[in-house]
Structures are given as structure tokens and as C-alpha cells.
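Coordinate inspection notes
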Amino acid sequence: MVPSLVKPISLLFIALFNSILGLSVLFPILAPLGRELGFTELQVGMFSTAYALMQFLISPYWGRKSERIGRKPVMLTGILGFAITFFLFAVAAELGMRGVLPRLTVFALMLVARLLGGTFSSATLPTAQAYVADVTGRADRTSGMAVIGAAFGLGVIFGPGIGAALSHVSLLAPVYFSSAVALLNALFVWWKLPEPKSHVEAREPTPLSLRDARVWPLLAVGLVATLASVAMEQTIAFYFQDRLHLDAAHTPRPVGEALVAYGLVAVFVQGYLIRRFKWPPLVLLKSGIPIALAGFVAFVFAKGFTGLTIALVLQGLGQGLAMPGVTAALSLAVGDDEQGAVAGLNSSSQAFGRMLGPLVGTGLYELHPEYPYALSAALLAMVLVFLFASRRVREAVRS
């Protein structure tokens, strides 16, 4: 990466780190908060499904809009929307915990807040991916996209720990914190993040079809890998609580500690290894998917805190390698005037996985705690077969 591009990438990294920090603060507390409010595991999973549903539907729109009006205005819209809707989510939960509103009304209000949150926050990731494409050359595209993953990983390191610590104040303190962080992040983006010069000079965006042979195989790989990961993420707090025989008050700490280890691995892989060695997308997928698969198998047999954490770290290592491979390959497969469109499709396909993952994961968890992890392992096994058997997907990844 040329030196003149380091500053915009660094500023984007800070903005994304702040965004995922606000989101990951909630990871250790959503499950115990849901149980505290009297919701079932499936109802808690519906919060994430609603969020992802709107990301699935709206991400392509934001990607195309960022081509027309600029990356920075769209990113600001997403971050501000995150701040407002998370505050509404916290207020609805507060009313439920105080007994002001009946349980079903509280659930409906919290669900609406998540739907609105997904609508606005879906602007952030596709715009960030298009931003990276704007400020990197094709030779640096994979390492540039790894910056996004590293920001996510670093956010996951600090977010769950902060969430677990704030949960000692109250289960809703982390939600208010998330809203405040997002508001400060919007001020940072407005003040510091420049609009990419290459986008300012760009032509009218070229339409990009979901059925385009250059992208659909990679979108399918990203969708399935995301679904497998999210099915785990949405049940991990329940799994820790039940495996370690904890109550709601004592669950956030071990979950937060394990997720810190998960985030450290992701930051090391995406912030150092991928950027240092500049592995091509095919190498990232061929190495990352089997490692993530091993992590899911380990979950099935893990009993204590150490075993659960090792399984989580393995999954994080594999996911940290595979997902930048998908994102970089998609960016390299299309032209410069299609970056916003392909980033929107990528975010939409992964959002579809995030939409299905909570329902599948929590639904299977109610049948048997190991089922979500067995399913995730099976899904990744199918991705491996698809990767090695399909000539089209291999050609797409090599592009």
C-alpha cells in the first residue's frame, strides 16, 4: 500500500473499530437480558434475525447510493441510525424490566428497534468495503480488506469485556454505552474521514446482477460460512451458561473472556498475517474453512471453560482467514465502477446468513445444545466440497 493511502485506511479502521465495539459490547448480555425479561431463546434469536433481515434487504441499496452521493454521507447515516435505534432498544427493555409494559409489548418494541437498527446500520459495512476498494490498488486489495476484519476483531476483543464489566452496573448499561459510542463515532467520521478522491472522480455506477457469474459463487460461499458462524454466535452465551452451570448474573464474564481470546486471534490473523504475507483469496479459503470446521467439531465435545474457549478460538482463526478471502475476491472480480454494488451484494448475502443463523441456531439449541455446532460443521464441510469441486468458484476466487 502506498504511503499516501495509509491515513484514510487508518481512519477507516478507527471508524469501523468503534462501530463493532458498540455492537460486540452486547454479545455477553443479550442472552441473560432476554431471560431476565422472560423471553425464550428463540425470541432472543429473533432480535438478531430482524437486524439481519433488514441488512439483507437494504445493503445493496446503500452500496449503490454510496456510488451516487459518496461514501462518507452513507457511512454517517448508518452510524447515526445505529446510535438512535440502540437507544430505543434500551428504553424498551428498561420499561420491561420496570414492569411498566407487558412482556409481549416490550418484545414487539425491541423487535421494531432492531428492524430499524438493521435498516440504518446496513449502510456501514458495504460502504467501508467500497471505501477500501477506492483507496487501494488491486495488488493491495486483499490486505486492504483485511483491515475491515482486523477492526472487527479488535472490537470483539474490547467490546465483550466492556459489556461484561458494565453488566455489573446493570444488564442495560452496555446497551446505553453502545448508543453513546456510536454517537461519538459519527462525530469522528464527520470530522476526520475524507471522501475518497477516486470515488469523487468516478463514473455513474454500473448495474451488477446477483446472478452475475463473476460473483454468485463467492456470494454463496460467504453466505454459508456466515450462517455457520452466526448459528454459533447466537447460542454461545446459552452454551456457556448451561455447560458451566451458571446463572444469568455470572454468565457475561466467562463469555466475555472467551470472546476476547476469539478477537485476539482475529486481529492477529487479519491485522498482521494476511497483511504481512499477502496470501491470495484461494489460499485464505482453503486454509480458513477447514480450521473453522475443526472449531465447530470441538464445540460438540467441549465441556469446561478451557475446551469451549479453544473451540471458539479455532473457529475465529478459520473465519478470520476465510472471510477476507471472500471479500477480496469479490472486489477483484469486478471493475472499479462496480465496487459499491458488489460490496452491497456481499453485505446482503452475509446478512442473509446472519438472518437465518439466529433462527436456525436457537431453534436447534432448544432441541439439543450440540445441534447448532454439528450443523455448522456440516455446512462448512459442504463449502469445502463446493470449493474443490466447482470450477467456476475456483476461477472466481483466483480472479
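Each chain has its residues counted from 1, running along the sequence as written. A pLDDT threshold of at least 70 governs which residues receive local features in this predicted model, and a stricter bar of 80 or more applies before side-chain atom pairs are shown or counted, although totals over entire chains, interfaces and linings include all residues. With hydrogens and water set aside, each side-chain value is computed from the structure's full complement of heavy atoms.

Attention shifts here to the overall build of the protein chain. A helix here means a DSSP run of H or I that spans at least four residues, while a strand means a run of E at least two residues long, and both kinds are numbered starting from the N terminus. In terms of regular secondary structure, the protein chain is built from 17 helices and 0 strands. In summary, the protein chain has a C-alpha radius of gyration of 20 Å against a globular reference of 21 Å for 399 residues, a match within 12%. For the C-alpha atoms alone, the extent of the protein chain along its principal axes is close to 55 × 45 × 35 Å. Only protein chains enter the calculation, and the probe is 1.4 Å; a residue is then buried if its accessible area is under 20% of its type maximum, exposed if over 50%, and partly exposed in between. Expressed as a percentage of its 399 residues, the buried residues of the protein chain come to 58%. Whether two residues are in contact is decided by their heavy atoms: any pair within 4.5 Å suffices. Looking at the protein chain alone, contacts between residues at least 24 apart form 86% of all its contacts between residues at least 6 apart. As a reference, a globule follows 2.2 Å times the number of residues to the power 0.38, and the radius of gyration itself is taken over C-alpha atoms.

Taken together, the side chains of Ile84, Phe87, Leu88, Val91, Val112, Leu116 and Phe120 define a hydrophobic patch exposed on the protein surface, amounting to about 570 Å² of accessible area. Elements with a contribution of two residues or more to the nonpolar patch: helix H4 (71–97) and helix H5 (103–121). Looking at where phenylalanine 120 falls in the secondary structure, it is placed in helix H5. Distance thresholds for patches are 9 Å for like charges and 5 Å for nonpolar side chains (Val, Leu, Ile, Met, Phe, Trp, Tyr), applied to residues having over 30% relative accessible area and no salt bridge. With residues, only the protein chains shown are counted as cover, and all accessible areas are computed by Shrake-Rupley using a 1.4 Å probe. What counts as a salt bridge is simple: a side-chain nitrogen of Lys or Arg found within 4 Å of a carboxyl oxygen of Asp or Glu.

Now for the nonpolar core. Among buried residues, the Ala, Val, Leu, Ile, Met, Phe, Trp, Tyr and Cys ones that are joined through side-chain atoms within 4.5 Å form a nonpolar core. The biggest cluster of nonpolar side chains holds 102 residues, and the ones touching the most others in it are Leu12, Phe39, Phe89, Met110, Met232, Phe299 and Leu380. Excluding residues within four positions of it along the chain, methionine 232 makes contact with Tyr262, Phe296, Phe299, Leu312, Gln315 and Tyr373.

An α-helix turns once every 3.6 residues. As a result, residues three or four positions apart point the same way. One fewer than the residue count of a helix, multiplied by 1.5 Å, yields its expected span. With 26 residues, helix H12 (residues 252–277) should cover 38 Å at 1.5 Å per step; its first-to-last C-alpha distance of 36 Å lies within 8% of that length. Two axes enter the bend calculation: one fitted to the seven residues ending at the residue in question, the other to the seven starting there, and the bend is the angle between them. Along its length, H12 shows its largest kink, about 30°, at valine 269. Following H12 by one or two positions, lysine 278 adopts a phi angle in the positive range, close to 50°.

Okay, the pattern of salt bridges next. Counting across every chain of the model gives 9 salt bridges. Of the charged contacts, one joins aspartate 242 and arginine 35 as a salt bridge, the two residues approaching to 4.0 Å between their closest N and O atoms. Note that aspartate 242 is positioned in helix H11 (residues 236–243) and arginine 35 in helix H2 (residues 30–36), a separation of 207 residues in sequence. On the accessibility criterion, arginine 35 (25% relative accessible area) is partly exposed. Put simply, Glu67, Arg71 and Asp134 are held in one network by salt bridges that share partners.

This part covers the packing of helix H13 (residues 281–301) against helix H14 (residues 305–333). Viewed as axis vectors pointing N to C, H13 and H14 meet at an angle of 155°, and their least axial separation amounts to 7 Å. Between H13 and H14, the angle is such that the two are roughly antiparallel. Here H13 and H14 pass one another in a crossing that is left-handed. Think of it as three bins: nonpolar holds Ala, Val, Leu, Ile, Met, Phe, Trp, Tyr, Cys and Pro, charged holds Asp, Glu, Lys and Arg, and polar takes everything else, Gly as well. Here the contact of H13 with H14 is built from residues that sort into 21 nonpolar, 7 polar and no charged. Each axis is a line fitted through C-alpha atoms, and for a helix only the stretch in contact is used; angles between axes span 0 to 180 degrees, taken between their N-to-C directions. Oblique is the label for any angle not covered by the other classes, which are roughly parallel (under 35 degrees), roughly antiparallel (over 145) and roughly perpendicular (65 to 115). The sense of a crossing depends on the near helix, which, turned anticlockwise from the far helix by less than a right angle, makes the crossing left-handed and, turned clockwise, makes it right-handed.

Take the side chain of serine 229 next. Along the chain, serine 229 falls in helix H10 (residues 216–233). Polar contacts involving the side chain of serine 229 include one to the side chain of glutamine 315, which spans 3.5 Å. In this structure serine 229 touches Tyr262, Phe296, Gln315 and Gln319, once residues within four positions along its chain are discounted. N or O atoms within 3.5 Å of each other form a polar contact, as long as, within protein, one can give a hydrogen and the other can take it, and as long as residues adjacent in sequence are counted only when both atoms are side-chain atoms.

What follows deals with the confidence of the model for the protein chain. Segments scoring low in pLDDT should not have their predicted coordinates read at a detailed level. Every residue is assigned a pLDDT by the predictor, reflecting its confidence on a scale from 0 to 100. Of all residues in the protein chain, 94% attain a pLDDT of 70 or more, and the chain-wide mean is 87. Confidence drops under a pLDDT of 50 for residues 1–6, and excluding neighbours within four residues, the segment shows 9 contacts in the predicted structure.

With that settled, the discussion passes to empty space enclosed by the protein. Lining residues are defined by having an atom within 4 Å of a point belonging to a cavity or pocket. Those points lie on a 1 Å grid over the protein atoms alone, cavities being sets where a 1.4 Å probe fits but cannot get out and pockets being open sets with protein on both sides within 12 Å along at least five of seven lines. Grid points are joined across faces, edges and corners, and a volume is the space filled by probe spheres set on the points. In total, this model carries 2 cavities of 30 Å³ or more according to the counting rule given. Its boundaries defined by the atoms lining it, the second largest cavity holds a volume of some 40 Å³. Gln129, Ala130, Met145, Thr327, Leu330, Ser331, Gln339, Val342, Ala343 and Asn346 together form the lining of the second largest cavity. When contributions to the lining of the second largest cavity are tallied by element, the ones reaching two or more residues are helix H6 (124–135), H14 and helix H15 (339–367).

Between H6 and helix H7 (residues 141–166), the least distance of the axes is 9 Å, while the angle of their chain directions is 145°. Remark: the crossing between H6 and H7 carries right-handed chirality. Taking contact as the criterion, the partners of Leu125, Ala128, Gln129, Val132 and Ala133 in H6 are, on H7, Arg141, Gly144, Met145, Ile148 and Phe152. Taken together, the residues that form the contact of H6 with H7 break down as 7 nonpolar, 2 polar and 1 charged.

Quick look at the packing of aromatic side chains now. Centres within 6.5 Å make a pair out of two Phe, Tyr or Trp rings, where for Trp the six-membered ring is used; the pair is then stacked when the planes are under 30 degrees apart, edge-to-face when over 60, and tilted otherwise. Per the stated rule, a full pass over the model turns up 18 aromatic pairs. Taking 4.8 Å as the distance between ring centres and 35° as the angle between the ring planes, the aromatic pair formed by phenylalanine 56 and phenylalanine 352 counts as tilted. Here the residue phenylalanine 56 occupies a position in helix H3 (residues 41–69), and phenylalanine 352 occupies one in helix H15, the gap between them amounting to 296 residues. According to the relative accessible area criterion, phenylalanine 352 is partly exposed, its value standing at 25%. Pairwise contacts between aromatic rings join Phe238, Tyr239, Phe299, Tyr365 and Tyr373 into one cluster. Both a distance and an angle decide whether a charge sits over a ring: NZ of Lys or CZ of Arg must be within 6 Å of the ring centre and within 35 degrees of the ring normal. Sitting over the ring of phenylalanine 89, arginine 114 keeps its end group 5.8 Å from the ring centre.

For histidine 245, which is not a glycine, the phi torsion comes out positive at approximately 60°. In this fold, histidine 245 is placed in the loop between H11 and H12. Residue lysine 278 is not a glycine yet carries a positive backbone phi of 50°. Mapped onto the elements, lysine 278 comes out in the loop between H12 and H13. Assessed through its relative accessible area of 45%, lysine 278 is described here as partly exposed.

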